[in-house]
Amino acid sequence: MSGRPARRSGTEATLRALPSIDRILRAEPLASLAPAAPRSVLLAAARAAVAAARANLRAAGAAPPDAAAIASDAARRAAEAMRPRLRGVINATGIVLHTNLGRAPLAPEALQAVAETAGGYSNLEFDLDRGIRGSRMAHLESLLRELLGAPAALVVNNNAAAMILALNTLAAGKETIVSRGELVEIGGSFRIPEILERAGTRLREIGTTNKTRLEDYERAVGKETGALLRVHTSNFAIVGFSSHVARGDLVRLARRRRLPLVEDVGSGALIDVARFGLGEEPLAARALQEGVSLVTASADKLLGGPQAGILAGTKSLIASLRSNPLTRALRVDKMTLAALEATLRLYRDPERAAAAVPVLRMLGEPAAAVRARARRALRLLGAERAVRAGAEVVACVGEVGGGALPLARIPSFALSLRPVRGRVGDMARALRSGPEPVLGRVESNRLLLDMRTVAPREVPRLVAALAAALDRES
Ligand SMILES: *Cc1c(COP(=O)(O)O)cnc(C)c1O
């Protein structure tokens, strides 16, 4: 028992010997961060580093670290605090529309439009010809009318907002008829029944999960009906004993009963993606042409634009949506409008869109070109590191993602890693947490870096991140 007080006072003495915050602030490498980092950040980092050293000492009772060691810990903390929290990552998952990674990357034309209009003033709500107040929707509406063949259109924050606005305007206090086979959940937080509830309309479910017939709709239509709703079941497919009602039959029923037919087409594809050999996604233009009164779609899925929700349909329906006060609450910002207009302009020439919209370019790239990029990455990595990483080029299968074309499998190529030392999971974590985060996918005990979703200009950075992670590990 006699040893304990003596040891404690020994620790107290060591704790007192810890360098002061002031001294840490003057020590390198922290001191040289001073011009770039605000004093508050450096101070917080120095305090945290000293506190960590103190906690270490208390726990382990080791010799106190010197000022240089604490200052370099503080510098690491300061650099971390200075790094933007929202930042770019390299998507090597092979999932083209990855909702967690920001869905569609924008085309250079869209980025340029944002830079040109958002850094200064713009004619956002100003009619330059007449010198009076204008509408922020006017810029986009004519383009959407042209591309979708729609009499009128409106843009809001996302497809969820578009649905809420549509159903609230057309069917609040009334029933909205939906097939049970279309009561989908998309991305965890978008559930059709909940959206309907929040829009103030009552859900009238009809049919079953795998079969709904026209008679089911006919029986359900009545005095209480506000709208018929058709939802594209984007992220799943019922295969086998199933049937649903053709669009044309619903159009005729809606016309006969003078009811609006709303269709959520989901991905917002403006050109037929079957050309990429990926199966079919509904096209808003076709839905309108076949007589749907109002379509809603996302702008940041297969359309390849910024986050937004597109509503297109008859003049009178769009006019009533516009006069709903919710429209003001759901309106989009000038950056969104600039990016969306620039993206839509590319679609005036579908071939140009296929080449210039990043999402379409990735989906349409031949597998051989993806393989060439994987080989280039392997070459840049160098033989010695390639051996340590167990790196090779392998064939793999990517996905569209974003709840589009769930059954589509995209033939692709990846840089496959199976490190000689350490675990695959550790390698994945090291790549994720570096200064240039790279996200791959782990498959049968290999880390696959799928090159379909890695842009050519990103390859050197991906290889540098991989080299750094390998060198850190060893
Ligand atoms: C993705 C999707 C939504 C949600 O769209 P957001 O733009 O993310 O709000 C709604 N409906 C369908 C059918 C979808 O595929």
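Conventions and cut-offs
- Residues numbered from 1 in each chain as written.
- Predicted model: local features only at pLDDT ≥ 70, side-chain atom pairs only at ≥ 80, totals over all residues.
- Heavy atoms only, no water.
- Pairing = 2+ DSSP bridges.
- Helix = DSSP H or I, 4+ residues; strand = E, 2+ residues; numbered from the N terminus.
- Axes fitted to C-alpha atoms, helices over the stretch in contact; angles between N-to-C directions.
- Contact = heavy atoms within 4.5 Å.
- Domains from an automatic or database assignment.
- Buried area = accessible area lost by both parts, 1.4 Å probe.
- Salt bridge = Lys/Arg side-chain N within 4 Å of Asp/Glu carboxyl O.
- Polar contact = N/O pair within 3.5 Å; in protein donor to acceptor, adjacent residues only side chain to side chain.
- Buried < 20%, exposed > 50% of the residue type's maximum accessible area, 1.4 Å probe, protein only.
- Parallel < 35°, antiparallel > 145°, perpendicular 65-115°, else oblique.
- Left-handed = near helix turned anticlockwise from the far one by under 90°.
- Near = heavy atom within 4 Å.
- Areas by Shrake-Rupley, 256 points an atom, 1.4 Å probe, with all protein chains shown as cover.
- Nonpolar A, V, L, I, M, F, W, Y, C, P; charged D, E, K, R; others polar.
- 1 Å grid on protein atoms, 1.4 Å probe; cavity = no way out; pocket = protein on both sides within 12 Å on 5 of 7 lines; lining within 4 Å.
- Points joined across faces, edges and corners; volume = space filled by probe spheres on them.
- Expected span 1.5 Å × (residues − 1).

J.: Describe the sheet that holds strand β9 (residues 202-206), listing the residues and the values that go with them.
T.: The pairing of strands in a sheet comes from backbone hydrogen bonds and takes either a parallel or an antiparallel form. Strands sit in the order β5-β13-β12-β11-β10-β6-β9 across an open sheet of seven strands; the sheet is mixed. Looking at which strands have only one partner, the edges of the open sheet turn out to be β5 (152-156) and β9. With direction set aside, neighbouring strand axes in the sheet form an average angle of 25°. Packing against the sheet, helix α6 (residues 138-148) makes contact with β5 and β13 (309-313), and its axis sits at approximately 120° to β5.

J.: Give me the lowdown on the domain arrangement of the chain, citing residues and values where you can.
T.: Looking at the assigned domains, one finds that the chain contains domain 1 (3-82), domain 2 (90-99 + 362-473) and domain 3 (108-356). The gap between the C-alpha centroids of domain 2 and domain 3 is 35 Å. Counting residues at the interface gives 12 residues for domain 2, matched by 15 residues for domain 3. Together, the buried faces of domain 2 and domain 3 total about 1000 Å²; carbon and sulfur atoms form 77% of this surface. The largest per-residue losses of area from domain 2 upon contact with domain 3 belong to L363, G403 and L405, which jointly make up 44% of the total buried on that side. There are zero salt bridges connecting domain 2 and domain 3. Inspection of the region where domain 2 meets domain 3 yields one residue pair in polar contact (both at pLDDT 80 or more).

J.: Can you break down unusual backbone geometry residue by residue, with the values?
T.: Across the chain, the bulk of peptide bonds are trans and the bulk of non-glycine residues have phi less than zero. In this structure, the amide linkage connecting E28 to the following residue, P29, adopts the cis form with an omega of 5°. Structurally, the position occupied by P29 is in the loop between α2 (21-26) and α3 (39-60). In the Ramachandran plot, S444 falls in the positive-phi region, its phi being about 35° despite a non-glycine side chain. Tracing the sequence through the fold places S444 in the loop between β17 (441-443) and β18 (446-450). For N445, which is not a glycine, the phi torsion comes out positive at approximately 60°. Mapped onto the fold, N445 is located in the loop between β17 and β18.

J.: Any chance you could break down the side chain of T453 for me, citing the residues and the numbers?
T.: Note on placement: T453 falls in the loop between β18 and α20 (459-473). A relative accessible area of 6% means that T453 is categorised as buried. At 3.1 Å, the side chain of T453 forms a polar contact with the backbone nitrogen of G94. Here T453 is in contact with N91, A92, T93, G94, I95, V96, M362 and E458, once residues within four sequence places are set aside.

J.: An account of the packing of helix α19 (residues 424-433) against α20 is needed here, citing residue identities and associated values.
T.: The N-to-C vectors of α19 and α20 enclose an angle of 125°; their axes lie 9 Å apart at closest approach. Considering their axes alone, α19 and α20 lie oblique with respect to each other. Crossing of α19 over α20 shows right-handed handedness. Contact residues: D426, M427, A430 and L431 in α19; A465, L466, A469, L470, R472 and E473 in α20.

J.: Give a detailed account of the pairing of β5, specifying residues and quantitative values.
T.: Taken across its five residues, β5 has five buried, putting it largely inside the fold. The side-chain alternation of β5 yields two buried faces, one formed by A152, L154 and V156 and the other by A153 and V155. Here β5 runs beside β13; their pairing, made up of five bridges, is antiparallel. Pairing of A153 across the sheet is with A312, part of β13.

J.: Talk me through the site of the ligand; I want residue IDs and the actual numbers.
T.: Neighbouring the ligand are R103, N158, N159, A160, I186, F190, H232, S234, D264, G266, S298 and K301. Contact distances for the ligand include 2.7 Å between an oxygen atom and a side-chain N or O atom of S298. Against a free-state accessible area of 380 Å², the protein chains account for coverage of 94% of the ligand. Contributing elements (two or more residues each) for the shell around the ligand: α7 (159-171) and β11 (261-266). Grouping the amino acids of the shell around the ligand by side-chain chemistry returns three nonpolar, six polar and three charged.

J.: Outline the side chain of E141, listing residues and values.
T.: Residue position: E141 is located in helix α6. When its relative accessible area of 13% is taken as the criterion, E141 is described as buried. There is a polar contact of 3.0 Å between the side chain of E141 and the backbone nitrogen of A153. Residues in contact with E141, not counting those within four places in the same chain, are P151, A152, A153 and R322.

J.: Just give me the short version of the layout of surface pockets, but keep the residues and values in it.
T.: The rolling of a water-molecule-sized probe over the atoms marks out the regions of remaining empty space. Within this model, the largest pocket holds a volume of roughly 1100 Å³. Where the lining of the largest pocket is concerned, the elements lending two or more residues are β1 (90-91), α5 (108-118) and α16 (358-364). With three residues, the top contributor of residues to the lining of the largest pocket is α16.

J.: Pulling in residues and values, what's your account of α3?
T.: At 3.6 residues per turn, the α-helix brings residues three or four places apart onto the same side. Here α3 is 22 residues long and its end C-alpha atoms lie 31 Å apart, about the 32 Å a rise of 1.5 Å per residue gives. Taken residue by residue, α3 has V41, L42, L43, A45, A46, A49, V50, A53 and L57 as its buried positions.

J.: An account of the pattern of salt bridges is requested, with residue identities and associated values reported.
T.: Taken as a whole, this structure holds 34 salt bridges when the rule is applied. The shortest N-O distance in the salt bridge between R348 and E146 comes to 2.9 Å. A residue pair is termed long-range when its members are at least 10 positions apart, and R348 in the loop between α14 (334-346) and α15 (350-356) and E146 in helix α6 qualify at 202 residues. Relative accessible area serves as the criterion here: at 48%, R348 is assigned to the partly exposed category. Classification of E146 by relative accessible area gives partly exposed; the value is 46%. Between R204 and E175 there is a salt bridge, and its shortest N-O distance comes to 3.3 Å. Remark: E175 occurs in strand β6 (residues 175-179) and R204 occurs in strand β9; sequence separation between them is 29 residues. Given a relative accessible area of 14%, E175 falls into the buried group.

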